[in-house]
Amino acid sequence: MRENVAGRANVEDTPELEAYYAELDTLDAGALWTVANTIEPWEPVSRSHPMMWRYADLRGHVLRSLDLVTPERAGRRVVYLVNPGRKDVAAAVGWLYTGLQVMNPGEQASSHRHSSSALRFIMEGEGAYTVVDGHKITLGRNDFVLTPNGTWHEHGVSAEGTTCIWQDGLDIPLVNAMEANFFEVHPKLAQEVSFPVDDTSAIYAAPALHPTGGSWDKPHSPLLKYEWAPTYDSLRRYAAAAPGSPYDGALMRYVNPLTGGHVMPTIGAAMQLLRPGEATKAHRHTGSAVYQCAKGSGHSIIAGQRFDWSERDIFCIPSWAWHQHANASASEDAVLFQFNDLPVIESLGLYREEGA
Ligand code: 1HN
């Protein structure tokens, strides 16, 4: 608390002022100086707690939902992750939602669309697919797929596949905060697949090559799937050729290949590799992020708390929280997937960063 600073409110209560506040209250009004220091903090004050959710704790519960509810009844079988400071808005951190969804082979959820943007990151199982606006996308471990705002989408697992678990990431809390969320069910249960399977990868995933002959005017990336194998290969080559960031190691952002910008207007994503034995310096920045360890093990220190993670554990970093990461192994890489609200923070001119 900084008292008696010029320009900051510092008014003591008197019986007269208390009566005045009560009168204003009856008029649905208030005196700004009673709340000014709270609504205008010196720096961001996140209500989100640094958190980690261990896959070993959650996996059995996720699988149990297979026996407890049908996809028809539940809509989808998802165990969502709750930040104790963000329970009221169903956020895992800041304005980001995340959950673990499970599906059996041969199951398919009904097609729908909403104003929230979403992504999935595949954790385990074979045969998962998503259909987005008529594009069928096959999915394997550590692949991630976009279901941007307003696109018809449905998820399924082929009959020849195995039980699949993936992480959903959505901006529902943000879109609800903006009071702008619509949800619609597709007139048919399933959309028709109207393009060759995995066509967006064939067209848009070529390294450093732009396709010609098409046009694209949507605000999200035309590439809908970002596969693990080329991502990991790129990270390893980057990590071997350059120091990367002292705060993040070798971190690469997933981009819209046509613009180099974020994959969606409200959700950004990245994958970072920590070399064997690498430990980063601490920094903090505005914007919230949800992480999943895609490979290896290590720890992060977030707002002074240490979290030891290994493959499939999920943790979050609240806005403006100091954080640093370390790879636990002297011989193996550690790789972290993240999604974040940086596109929103940046487009509103709110990005700030500070290094230790
Ligand atoms: C949604 O559409 C999916 O498509 C998953 O699988 C989780 C959570 C809230 C709102 C919509 C999906 C969701 C969701």
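The preceding data block contains the structure.
Quick caveat: nothing in here was measured; it's all calculated off a predicted structure.

Engineer: Requested: an account of the state of the cysteines, with residues and values cited.
Structural biologist: Counted under the stated rule, the structure contains 0 disulfides. The structure places no disulfide on Cys293, whose sulfur is separated from the nearest cysteine sulfur, that of Cys316, by 15 Å. Here Cys316 falls in the buried class, since its relative accessible area comes to 0%.

Engineer: Please set out the side chain of Asp313 residue by residue, giving values where relevant.
Structural biologist: With respect to the helices and strands, the residue Asp313 is situated in the loop between strand 18 (305-310) and strand 19 (314-317). Buried charge without a salt bridge: Asp313, with Arg54 as the nearest opposite-charge side chain at an N-O distance of 4.0 Å. There is a polar contact of 2.8 Å between the side chain of Asp313 and the backbone nitrogen of Tyr55. Sequence-distant contacts of Asp313, defined by excluding residues within four places in its chain, comprise Met52, Trp53, Arg54, Tyr55, Ala56, Tyr291, Gln292, Cys293 and Asp308.

Engineer: I'd like to hear about the environment of Ser245, residue by residue, with values.
Structural biologist: As for its position among the elements, Ser245 is in the loop between helix 7 (228-241) and strand 13 (250-253). Taking the relative accessible area as the measure of exposure, Ser245 reaches 22% and is therefore partly exposed.

Engineer: How would you explain the pairing of strand 9 (residues 153-157) if you had to name every residue and give the values?
Structural biologist: Of all 5 residues in strand 9, 5 are buried; the element is thus mostly enclosed. Of the two faces of strand 9, the one holding His153, His155 and Val157 and the one holding Glu154 and Gly156 are both buried throughout. Of the pairings in the sheet, the one linking strand 6 (residues 128-132) to strand 9 comprises 5 bridges and is antiparallel in character. Note that in strand 9 the partner of Val132 across the bridge is His153.

Engineer: How would you sum up the pattern of salt bridges? Please name residues and give values.
Structural biologist: For the structure on display, the rule yields 15 salt bridges. Across the pair Arg275 and Glu278 runs a salt bridge, and its minimum N-O distance is 2.9 Å. Exposure remark for Glu278: the relative accessible area of 16% places this residue in the buried category. Each of Glu43, Arg284 and Glu354 takes part in a single network of salt bridges with overlapping partners.

Engineer: Can you lay out the site of the ligand for me, pointing to particular residues and giving the numbers?
Structural biologist: Surveying the vicinity of the ligand reveals the residues Arg76, Tyr97, Gln101, His112, His114, Arg120, His153, His155, Asp168, Leu170 and Ile172. Measuring from an oxygen atom of the ligand, one finds a side-chain N or O atom of His153 at 3.2 Å. His155 has a polar side-chain atom sitting 3.1 Å from an oxygen atom of the ligand. Protein burial of the ligand: of its 330 Å² of free accessible surface, 88% is covered by the chains. When residues of the shell around the ligand are traced back to their parent elements, those giving at least two are strand 3 (97-103), strand 4 (112-114), strand 9 and strand 10 (164-170). Here the shell around the ligand is built from residues that sort into 3 nonpolar, 5 polar and 3 charged.

Analysis parameters
- Residues numbered from 1 in each chain as written.
- Predicted model: local features only at pLDDT ≥ 70, side-chain atom pairs only at ≥ 80, totals over all residues.
- Heavy atoms only, no water.
- Disulfide = S-S within 2.5 Å.
- Buried < 20%, exposed > 50% of the residue type's maximum accessible area, 1.4 Å probe, protein only.
- Helix = DSSP H or I, 4+ residues; strand = E, 2+ residues; numbered from the N terminus.
- Lys, Arg positive; Asp, Glu negative; His and termini not counted.
- Salt bridge = Lys/Arg side-chain N within 4 Å of Asp/Glu carboxyl O.
- Polar contact = N/O pair within 3.5 Å; in protein donor to acceptor, adjacent residues only side chain to side chain.
- Contact = heavy atoms within 4.5 Å.
- Pairing = 2+ DSSP bridges.
- Near = heavy atom within 4 Å.
- Areas by Shrake-Rupley, 256 points an atom, 1.4 Å probe, with all protein chains shown as cover.
- Nonpolar A, V, L, I, M, F, W, Y, C, P; charged D, E, K, R; others polar.

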